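# Notes for the structure review
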Amino acid sequence: MTDQLIADIPADPSAVVGRGSPNVEWIDLLDPDEATLRQAWAGSLQSHAIDHLVDPTVHDDEPRPKLESHGDYAFGVLLVPVVVADENRVYYQEVDLVVTTSLLLTVRKTPAQGLPIDLAVIHDMGRKGLSAGMLAYRIVDHVAEGFLDLVDGLQGEIDELEDHLEDWPSKDVRDRLKGLRHDVLRNRRMMAPTRDAIHQVIDNRIELDGGELFPHEVELRLGDAYDKLLRASEGLLAASELLSGVRDYYQSKVANDQNDVMKRFTVIASLLLVPTFIVGLYGQNFDQMKELHWAHGYGFSWALILGTTLAQLWYYHRKHYI
């Protein structure tokens, strides 16, 4: 169906959602079916331009971000990461682009457990005489900002985890470490192709047969978006290193706790070892053992056990073993 973000937009799926220059129209669709897609740009492009967008329009996985030229149009897939801090998860909002010098088609796809990308601000900018290339830049810049927000969110979660290492249950700490590590690695895999796609435009590797899609001014703006992605990439690298530090500290803490437990068990075993030896020694029942016929032999054995135990406790306490 067509997502109607602006009140005065007609319900017709082929309606122009925004206009840049007088010769540029922008059609924005949310989770359209194949018929809606083909109706929206009927006669405007070759059929294979729409084929890129048809299968599937809604899906659970994340495709690889890209931006590539196909003769008379450019096709792009962009993913915006969204951090849900309350649920400790990250999901991706997908927007697909088909761009020519006079047309811009955006297809937004609703993620399985999240909301679709909101392009309302860029829709408003579409009324200010922007070209198709400049409108595409605005969407790319929105994606870059999303990655910067992602880095801030991940670093905040890592800081929270670091603050609660001492009081959270071990299972919760392990689950958060595993989840954050997975998020960092997955986002690095997503960011790299996004950055490479933008770099292709800056290197003038995205060209159309019908004219210049990204003029010099747009390339300069895309350079700014590329810089944001570089900062986000550096931030993800820093977050990865910070997460590694938290993980190393946690492993060291677990090892120290295990050493403390083993130390206490060793002390307990040592405390029981000497009394066991004494009891075993006098339990041999040889007639030649004078203590067996001594009136105070029983009391002497208890005094010996208590004395040696207290001596060990004093020694271990002095050595800070207990």
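Everything discussed here concerns the structure shown above.
What you are looking at is a predicted structure, and each value in this text was computed from that prediction instead of being measured. (Residues numbered from 1 in each chain as written. Predicted model: local features only at pLDDT ≥ 70, side-chain atom pairs only at ≥ 80, totals over all residues. Heavy atoms only, no water.)

Scanning the entire structure with this criterion turns up twelve salt bridges. The salt bridge partner of Lys66 is Glu68, with a shortest N-O separation of 3.9 Å. Overall, the relative accessible area of 32% leaves Lys66 in the partly exposed class. Lys109 is the salt-bridge partner of Glu94, the closest N and O atoms lying 3.5 Å from each other. On the criterion of sequence distance, the pair formed by Glu94 in strand β5 (residues 89-99) and Lys109 in strand β6 (residues 103-109) is long-range, its members being 15 residues apart. (Salt bridge = Lys/Arg side-chain N within 4 Å of Asp/Glu carboxyl O. Buried < 20%, exposed > 50% of the residue type's maximum accessible area, 1.4 Å probe, protein only. Helix = DSSP H or I, 4+ residues; strand = E, 2+ residues; numbered from the N terminus.)

Glancing now at the packing of aromatic side chains. Throughout the structure, instances matching the rule amount to two aromatic pairs. Centroid distance Trp294 to Phe300: 5.7 Å. Interplanar angle 50 degrees. Geometry classified as tilted. The class of Trp294 is partly exposed, set by a relative accessible area of 44%. Of the residues examined, Phe300 reaches a relative accessible area of 33% and is grouped as partly exposed. Note on Tyr315 and Tyr316: the rings are 5.9 Å apart at their centroids and 65 degrees apart in plane angle, and the pair reads as edge-to-face. (Phe/Tyr/Trp six-rings, centres within 6.5 Å; stacked < 30°, edge-to-face > 60°.)

Turning our eyes to something else, we now look at the nonpolar core. Formed by 57 residues in total, the largest nonpolar core has its most connected members in Phe147, Phe214 and Leu222. Among the elements that line this core, the one with the most residues is helix α4 (residues 132-163), at 16 residues. Beyond its immediate sequence surroundings of up to four residues, Phe214 is in contact with Gly133, Ala136, Val201, Ile206, Glu219 and Leu222. One finds Leu37, Ala40, Val77 and Val107 within the second-largest nonpolar core, a separate group that totals ten residues. (Core = buried A, V, L, I, M, F, W, Y, C linked by side-chain atoms within 4.5 Å. Contact = heavy atoms within 4.5 Å.)

Another point: the packing of α4 against helix α6 (residues 216-282). Two elements in contact, α4 and α6, have axes whose closest approach is 9 Å; the angle formed by their N-to-C orientations is 15 degrees. Here α4 lies roughly parallel to α6, going by the angle between them. Read as a crossing pair, α4 and α6 show a hand that is left-handed. (Axes fitted to C-alpha atoms, helices over the stretch in contact; angles between N-to-C directions. Parallel < 35°, antiparallel > 145°, perpendicular 65-115°, else oblique. Left-handed = near helix turned anticlockwise from the far one by under 90°.)

A word on the environment of Ile27. Along the chain, Ile27 turns up in strand β2 (residues 25-30). Separated by 78 residues in sequence, Ile27 and Leu105 have C-alpha atoms that sit 4.8 Å apart.

The terminal C-alpha atoms of helix α7 (residues 297-318), which comprises 22 residues, lie 31 Å apart, in line with the 32 Å expected from a rise of 1.5 Å per residue. Of the positions making up α7, those classed as buried are Gly297, Ser301, Ile305, Thr309, Gln312 and Tyr316. All buried residues of α7 lie within an arc of 110 degrees about the axis, which places them on one face of the element. With respect to the buried face of α7, the exposed residues turned more than 90 degrees away are Leu310, Trp314, His317 and Arg318. (Expected span 1.5 Å × (residues − 1). Arc of directions from axis to C-beta.)

Across four bridges, the pairing between strand β3 (residues 66-69) and strand β4 (residues 74-84) is antiparallel. Paired with Glu68 across the two strands is Phe75, which belongs to β4. (Pairing = 2+ DSSP bridges.)

Our next topic: the environment of Asp227. Within the element layout of this structure, Asp227 appears in helix α6. Classification of Asp227 as partly exposed rests on a relative accessible area of 37%. In this structure, the C-alpha to C-alpha distance between Asp227 and Arg195, residues 32 residues apart in sequence, is 9.1 Å.

Next up on the list: a nonpolar patch on the surface. Together, Leu310, Leu313, Trp314, Tyr315, Tyr321 and Ile322 make up an exposed nonpolar region whose accessible area comes to about 620 Å². Of note, Ile322 is situated in the segment after α7. For Ile322, a relative accessible area of 46% corresponds to the partly exposed category. (Patch = residues over 30% accessible without salt bridge, like charges linked within 9 Å, V, L, I, M, F, W, Y side chains within 5 Å. Areas by Shrake-Rupley, 256 points an atom, 1.4 Å probe, with all protein chains shown as cover.)

Right, let's get into unusual backbone geometry. The phi angle at Asp31 is positive, at roughly 50 degrees, despite the residue not being glycine. As for its position among the elements, Asp31 is in the loop between β2 and α1 (34-40). Its relative accessible area of 24% is what places Asp31 among the partly exposed residues. Even without a glycine there, the phi angle at Asn88 is positive, about 55 degrees. Within the fold, Asn88 resides in the loop between β4 and β5. Classification of Asn88 as partly exposed rests on a relative accessible area of 34%.

For Phe75, the location among the structural elements is in strand β4. C-alpha separation for the pair Phe75 and Leu105, spaced 30 residues apart in sequence, amounts to 9.6 Å.

Moving residue by residue along a regular strand, the side chains alternate between the two faces of the sheet. In terms of burial, β2 is largely enclosed, as five of its six residues are buried. Inspection of the sheet shows β2 paired to β6 by six bridges, in the parallel sense. In the sheet register, Trp26 faces β6, and the bridge partner there is Leu104.

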